[in-house]
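Breakdown of the fold
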Amino acid sequence: MVPPQSSPVANPELVDQVDEAASLYRLTDALYRARSSSDVYDAALDAILETLGCGRASILLFDDAGVMRFVAWRGLSDDYVKAVEGHSPWKPGQRDPQPIFVEDIDNTDESDAIKAVIRREGIRGLAFIPLVANGAVVGKFMTYYRNPHVFADHEIDLAVTIARQVGFSVERARADQARQRAEEELRDSNERFRLMSEDAPVMIWICDPQGKCLHLNSMLRTFWGVDEERIATFDWRDTMHPDDEAGITAEMVGAVMGQRKVNVKGRYRDAQGRYRVLETNARPHFSANGDFLGLIGVNVDVTAREDAEAQRDLLLAELNHRVKNTLAVVQSIAHQTFNGRDTSPDLRNAFEGRLVALATAHNLLTQANWKGASLERVAADVLQVHDANRDRVTLMGPDVALRPKEALAIAMALHELCTNATKYGALSNDAGRISVEWGWLDQPNGLRLVWRERAGPPVKPPTRRGFGSRLVQRTVEQDLDGEAIMDFREDGLICSLEAHLPRLAGEL
């Protein structure tokens, strides 16, 4: 008979390694399947208790204020948790923290109060294992032993391995929770916005990055004849007038590229098939990392306003045309009246020149719908700085808006000065130059304009005041509530006009 052979004795160290590997596998699998922070904490505590041979364990994380707080624990009393919460060997965000192993709390430099709390809990040995995310400490897990405990190398390696997996999972769970909160807040915000905008007296819309409609309020749905259920499939671009499509698209793309708001007008076809002019104010919005999320905008039907402005422009153009015709008739009558033997050509030319200056100022005001004209534009047109006097007249001064009466008065005054310069002054030769400068005075509503001639023929003071000088003086006094001072210097005339003008909003 062959004696039975005894079974080989299993290697205890090998068994421990297999059990530890199995525990780590279960931890990895549980963390992968975790759907919440509590799932992560439960899986981590199970693995810690199973592999590190401790009867108790806890997980703590830094809160938003940077305080280390218990988030999960096993085997600890509530009194202990309250007493030691907030204690941490590391600061929030500290890089590369090292684990701390305490063989016996009695042999440490901790305060007697802390030692007493720990002893009352029946703890002598304990370990602080940092939880790290992106290289920085975010919390820790702790193991507790009833008796003094010497931490073997393989225990330290296991603890660090567990901490790595738990730290990554904690950060992922936090990110998932933050994303969920952000999504919930966005949904709540969108719902509040939808309720707020639904009955607004303007057309409000939201689109995604591809221009797909996400929201149309009641007024805009009515305008386009779109049911709320059809918003997702409705393409508003099909309603744009073909002639306006390129311009509207370019403005919208420019706003997105420049991350700025946009104001654009265009024609859109409404539910009745009519084209209406909508003025759109829109703004692109972006995520925290700069991703384009879409546009939000408001449309206002300005068709009636556009029609009224077009009608007004038509009437003003007709009025301007008729005034010009009237001035032409006046000029013709004056020409026939002055055609007598005793009327000099200079007198006729002077009269016609004044009519032309008046017509020039009138044309500028008409272009601005008789709201006013800029001083620089009036001076440039009357003095012909764009044409004959391009290189001989210099204009310099701040932006000044003239009301119609003031624009006409300054135009007449500058015309008289230009006529005098052409006949006798700086514009009567080839070398003369004129500068016109203006600026605000210190006193309220005070403006000074200085006409300065140089390089013209030598000037002699007149023996009597001519009609032009009297016209300038009277115009400034009566229409501008100011005065004109003529200084006939030998090297060139200097005329200073001081006028009482209200400074309009936005002028420097």
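Look up a bit, the structure's there.
From a predicted model like this one, the values you see are computed outputs, not experimental measurements.

Here helix α2 (residues 37-52) is 16 residues long and its end C-alpha atoms lie 22 Å apart, about the 22 Å a rise of 1.5 Å per residue gives. Those residues of α2 that fall on the buried side of the exposure criterion are Ser 37, Val 40, Tyr 41, Ala 43, Ala 44, Leu 45, Ala 47, Ile 48, Thr 51 and Leu 52. Note on α2: the residue one or two positions beyond its end, Gly 53, has a positive phi of about 65°.

Taken as a whole and assessed by the stated rule, the structure comprises 3 cavities of 30 Å³ or more. As for the largest cavity, its lining consists of Trp 205, Ile 206, Cys 207, Cys 213, Leu 216, Trp 224, Trp 236, Met 252, Tyr 268, Thr 280 and Asn 299. Of all elements in the fold, only β6 (203-207) and β7 (213-216) reach the threshold of two or more residues within the lining of the largest cavity. Partitioning the lining of the largest cavity into residue classes produces 9 nonpolar, 2 polar and no charged. At the level of secondary structure, the elements contributing two or more residues to the lining of the second largest cavity comprise β15 (446-454) and β17 (492-500).

The 5 strands lie next to each other as β7-β6-β10-β9-β8, forming an open sheet whose pairing is antiparallel. Every interior strand has two partners, whereas the edge strands, β7 and β8 (262-269), have only one. Going from strand to strand, the sheet's axes swing by 25° on average, the running direction of each strand aside. For β6 and β7, the ladder comprises 3 bridges, and the chain directions are antiparallel. Within β7, the residue paired with Cys 207 across the bridge is Cys 213. Each of β8, β9 (275-286) and β10 (292-301) touches helix α7 (residues 242-258); the most contacted strand, β8, lies at about 150° to it.

When you line up the elements, Gly 446 lands in strand β15. Classification of Gly 446 by relative accessible area gives buried; the value is 5%. Sequence separation of Gly 446 and Arg 503 is 57 residues, and the distance between their C-alpha atoms is 8.3 Å. Those residues within four positions of Gly 446 in sequence are excluded, and the remaining contacts are Gly 439, Trp 440, Leu 441, Ala 499 and Leu 501.

Definitions and cut-offs
Residues numbered from 1 in each chain as written. Predicted model: local features only at pLDDT ≥ 70, side-chain atom pairs only at ≥ 80, totals over all residues. Heavy atoms only, no water. Helix = DSSP H or I, 4+ residues; strand = E, 2+ residues; numbered from the N terminus. Expected span 1.5 Å × (residues − 1). Buried < 20%, exposed > 50% of the residue type's maximum accessible area, 1.4 Å probe, protein only. 1 Å grid on protein atoms, 1.4 Å probe; cavity = no way out; pocket = protein on both sides within 12 Å on 5 of 7 lines; lining within 4 Å. Points joined across faces, edges and corners; volume = space filled by probe spheres on them. Nonpolar A, V, L, I, M, F, W, Y, C, P; charged D, E, K, R; others polar. Pairing = 2+ DSSP bridges. Axes fitted to C-alpha atoms, helices over the stretch in contact; angles between N-to-C directions. Contact = heavy atoms within 4.5 Å.

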